[in-house]
Amino acid sequence: MTKTSQIHTIAGLMSGTSLDGLDIALCRFKKATKGYKYKILAVQTIPYSAALKSKLKKAYSSKAVEFIKLHQEFGNYLGESVKKFLKENKVKADAISSHGHTIFHQPKLGYTTQIGCGATIAAITRTTTVCDLRSLDVALKGQGAPLVPIGDKLLFSKYDSCLNLGGIANISFDKKGERIAFDICICNMILNFLAEKKGHAFDKEGKLAASGKVNIELLKKLNALAYYKIKGSRSLGYEDFQKQILPLLKTTINTNDLLATVTEHIAQQITHILNTNKLKTVLITGGGAFNEHLMALIKQKTKCKVVIPSKTIVNFKEAIIFAFLGYLRLHHKTNTLRTVTGASHNSIGGAVYLMS
């Protein structure tokens, strides 16, 4: 078994709600005088096959036996994928930190579930594996999300705020000396859903939305969602998309207009947060950063300086930070902040499967 003091190189695995594919980032971390330093050694995105994407989409409503089978199957997929990644890049990881894929997230009811069996990953790769990073925080009455903010604070502290535009848009920033964070709104989850109706995996550069017309009546309904009245720690899940947003999309409005309206809604919700908190700079990452129409709308509605980093950081920041969460877990350092999630305590989250 590798000694904790010798664990520096971690492979972070991220599967987001937008279902783009599996992101892998192999990073080396080092404690610095202030915060931590990191170096990216290798990265890769592995797109999901149509069959796997379909299974992950349907898992939400699957039977118990099918669900636990998929949990193991997806763990096998993750294990084989990272094993191949490490071999092809001729590198070795001291440990693996896997987010898994979120299927259920209902912190108010006391549970969150990310599939992708960590024991299977550890067994296939013969490498210590950290997984199930959200459950402890939920058990401590927290939201179990977002988890990325501690990485924002310790790895990307030069920016006032960090905004991730994935399946869900979430933000983190310091307020009165403490890091806070929350999910702002559904983002690529709904944009991709609508783009698929036009035969596209996503709305490339936001061109479909840009060609549509905003429907004011639908925009008002979206902006009136009960979630936006919640203050303090809050988070969204696929269930919210299913129950709150999908019913609003059952309309005769054409798809391009729906995309235009939803994109405007996302921009309004994001800039409302930037403006009301008087943030001066925002680092934007995640697939949504490549949506030129969305970026233009955000820039039009705020004086906050928008920073879009290199494509590597845009695409892999979450995988980098999940590697970092695993690093903190294995070094027995806090990796989940109560000021972010609303939990009763800070915690060191994550189940660990040790390999000798």
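Details of the structure are given in the entry above.
Notes on the structure in this doc start here. (Residues numbered from 1 in each chain as written. Predicted model: local features only at pLDDT ≥ 70, side-chain atom pairs only at ≥ 80, totals over all residues. Heavy atoms only, no water.)

So, about the sheet that holds strand β7 (residues 161–165). What the five strands build is an open sheet, ordered β9-β8-β7-β10-β11; its pairing is mixed. Looking at strand neighbours, the two that pair on one side only are β9 (178–186) and β11 (305–307), the edges of this open sheet. Strand-to-strand twist across the sheet, computed as the mean angle between neighbouring axes with direction ignored, equals 20 degrees. (Pairing = 2+ DSSP bridges. Helix = DSSP H or I, 4+ residues; strand = E, 2+ residues; numbered from the N terminus. Axes fitted to C-alpha atoms, helices over the stretch in contact; angles between N-to-C directions.)

Here we come to the environment of Lys58. Structurally, Lys58 is set in helix α1 (residues 50–58). Along the chain, Lys58 and Ala351 lie 293 residues apart, while their C-alpha atoms are 26 Å from each other.

In an α-helix there are 3.6 residues to a turn, and that puts residues three or four apart on one side. Between its first and last C-alpha atoms helix α10 (residues 255–276) spans 31 Å; for 22 residues at 1.5 Å apiece the expected length is 32 Å, and the two agree. For α10, the buried fraction is high: 18 of the 22 residues fall into the buried class. The residue sitting at the N-terminus of α10 and contributing the capping side-chain oxygen is Asn254; that oxygen lies 3.1 Å from the backbone nitrogen of Asn256. Just beyond α10, the residue with positive phi is Lys278, at close to 50 degrees. (Expected span 1.5 Å × (residues − 1). Buried < 20%, exposed > 50% of the residue type's maximum accessible area, 1.4 Å probe, protein only. Polar contact = N/O pair within 3.5 Å; in protein donor to acceptor, adjacent residues only side chain to side chain.)

Structurally, the position occupied by Gln114 is in strand β5 (residues 111–115). Residue classification places Gln114 among the buried positions, given a relative accessible area of 13%. One polar contact links Gln114 to Thr102, side chain to side chain, over a distance of 3.1 Å. Within the structure, Gln114 has its side chain in polar contact with the side chain of Thr112 (distance 2.9 Å). The contact partners of Gln114, leaving out residues within four places of it in the chain, are His71, His99, Gly100, His101, Thr102, Phe104, Asp132 and Arg134. (Contact = heavy atoms within 4.5 Å.)

Moving on, we come to the pattern of salt bridges. Counted under the stated rule, the structure contains 12 salt bridges. Here Glu73 makes a salt bridge to Lys69, at a shortest N to O gap of 4.0 Å. Of this pair, Glu73 and Lys69 are both found in helix α2 (residues 64–88), four residues apart, which corresponds to roughly one turn of the helix. The class for Lys69 is exposed, based on a relative accessible area of 52%. The partner of Glu264 in a salt bridge is Lys301, and the shortest N-O contact between them spans 2.8 Å. In this pair, Glu264 is assigned in helix α10 and Lys301 in the loop between α11 (292–300) and β11, connecting sequence segments 37 residues apart. Relative accessible area serves as the criterion here: at 27%, Lys301 is assigned to the partly exposed category. In this structure, a network of salt bridges that share partners links the residues Lys53, Lys57 and Glu196. (Salt bridge = Lys/Arg side-chain N within 4 Å of Asp/Glu carboxyl O.)

Here the focus is the pairing of strand β1 (residues 9–15). Among the seven residues in β1, seven count as buried, and that is most of the element. Residues Thr9, Ala11, Leu13 and Ser15 line one face of β1 and the alternating positions Ile10, Gly12 and Met14 line the opposite face, and both faces are buried. Across seven bridges, the pairing between β1 and strand β2 (residues 21–31) is antiparallel. Within the sheet, the bridge partner assigned to Ser15 lies in β2 and is Leu22. Linking β1 back to β2 in an antiparallel pair, the connection comprises five residues, with Leu19 at a positive phi of about 60 degrees. One ladder, built from five bridges, connects β1 with strand β4 (residues 95–106); its direction is parallel. Note on β4: the bridge partner recorded for Ile10 is Ala95.

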